[in-house]
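Residues per chain are reported as follows:
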Amino acid sequence: MRIGFLGAGKMAGAIMRGFIDSGVAEAKHIIASCPKQDHGLLEKITKLGVVTTHENGRVVKESNVVIVCTKPNVVRKVLTEVSSKVTRQNLIISVALGVTIKTMEKALPENTRVIRVMPNIPALVRMSASVYTLGNNVLDGDTDIVQKLLCSIGYCEEIHESLMDIATALSGSGPAYVFTVIQSLADGAVKMGMPRAQALRLAAQAVMGSAKLVIDSGEHPDSLKDDVCSPGGCTIYAMHSLERGGFRSSLIEAVEIATNRAKAIGES
């Protein structure tokens, strides 16, 4: 499989590393492009051993799978630019925020194979939570291809496109919320006298272990929370404080706001 990237930013680099580390693709079979003014991005990914270019058309011509990793506001321009090079042999996968299947198919030749994907930044450590939705012209084997690629950088699920903006706000933006939780937990421990590095390690491990317990046990988070909250213990006192501060409401509202923003970006 030969894989091309239109765009060479952080997410593109994270996905490339996952593909290479998992053995899904050899570095020499990956090519990436970006504008000349962003040459520094290519210098970074060159260290991975991939091929680089400033010619988007070359990426399409030399790749079976083309992953669109540009900023949302330039996706249409880039797809229109390479449209004459796209054939039925190319599978176009976009990770661009808010850009719909309809928008991509309109900018590309009729019957182009298109898939819309939303990964997240833990792809850097092959722990991404990715979702995808299929376009109208995919082939029977395209689902297997996208699943193989996404599973090489973590976990993936197929969803209806109407849920894509919600998934963007949840799993796409979610790591930022969780990083803030980890930082805040560590800050609390530092306030009480624990060294910063130790506090960060313990906070991060607590979050990672808790997430794994939710996934592996299949139990409702509320039930697991209750298991930790002994009657009259320190945890239930802490939970009361979080409730008073609107902790859960703030997270719910964050997902709502991010969903609406993703929709607005897609409509712009």
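Preceding block: the structure.
What counts, and at which threshold
- Residues numbered from 1 in each chain as written.
- Predicted model: local features only at pLDDT ≥ 70, side-chain atom pairs only at ≥ 80, totals over all residues.
- Heavy atoms only, no water.
- Pairing = 2+ DSSP bridges.
- Helix = DSSP H or I, 4+ residues; strand = E, 2+ residues; numbered from the N terminus.
- Axes fitted to C-alpha atoms, helices over the stretch in contact; angles between N-to-C directions.
- Phe/Tyr/Trp six-rings, centres within 6.5 Å; stacked < 30°, edge-to-face > 60°.
- Buried < 20%, exposed > 50% of the residue type's maximum accessible area, 1.4 Å probe, protein only.

Just to check I follow, could you spell out the sheet that holds strand S3 (residues 51-53) for this structure?
Either a parallel or an antiparallel arrangement is found when strands of a sheet pair, and the pairing is made through backbone hydrogen bonds. Taken in spatial order, the eight strands make up an open sheet running S3-S2-S1-S4-S5-S6-S7-S8, and their pairing is mixed. If you trace the sheet from one side to the other, it starts and ends with S3 and strand S8 (154-158), each paired once. The mean inter-strand angle of the sheet, taken between neighbouring strand axes irrespective of direction, is 25 degrees. Bridge analysis of strand S2 (residues 30-33) against S3 gives three bridges, and the strand direction is parallel. Bridge pairing links Ser-33 to Thr-53 in S3.

How should the packing of aromatic side chains be read in this particular structure?
The description of an aromatic ring pair rests on the distance of the ring centres and on the angle between the ring planes. This structure, assessed with the given rule, holds one aromatic pair. Between Phe-5 and Phe-19, the ring centres sit 6.2 Å apart and the planes meet at 40 degrees, which makes this aromatic pair tilted. Of this pair, Phe-5 sits in strand S1 (residues 3-6) while Phe-19 sits in helix H1 (residues 10-22); the two residues are 14 residues apart in sequence, bridging distant segments of the chain. Judged by relative accessible area, Phe-5 falls into the buried class, the value being 0%. Take Phe-19: its relative accessible area is 1%, and that puts it in the buried class.

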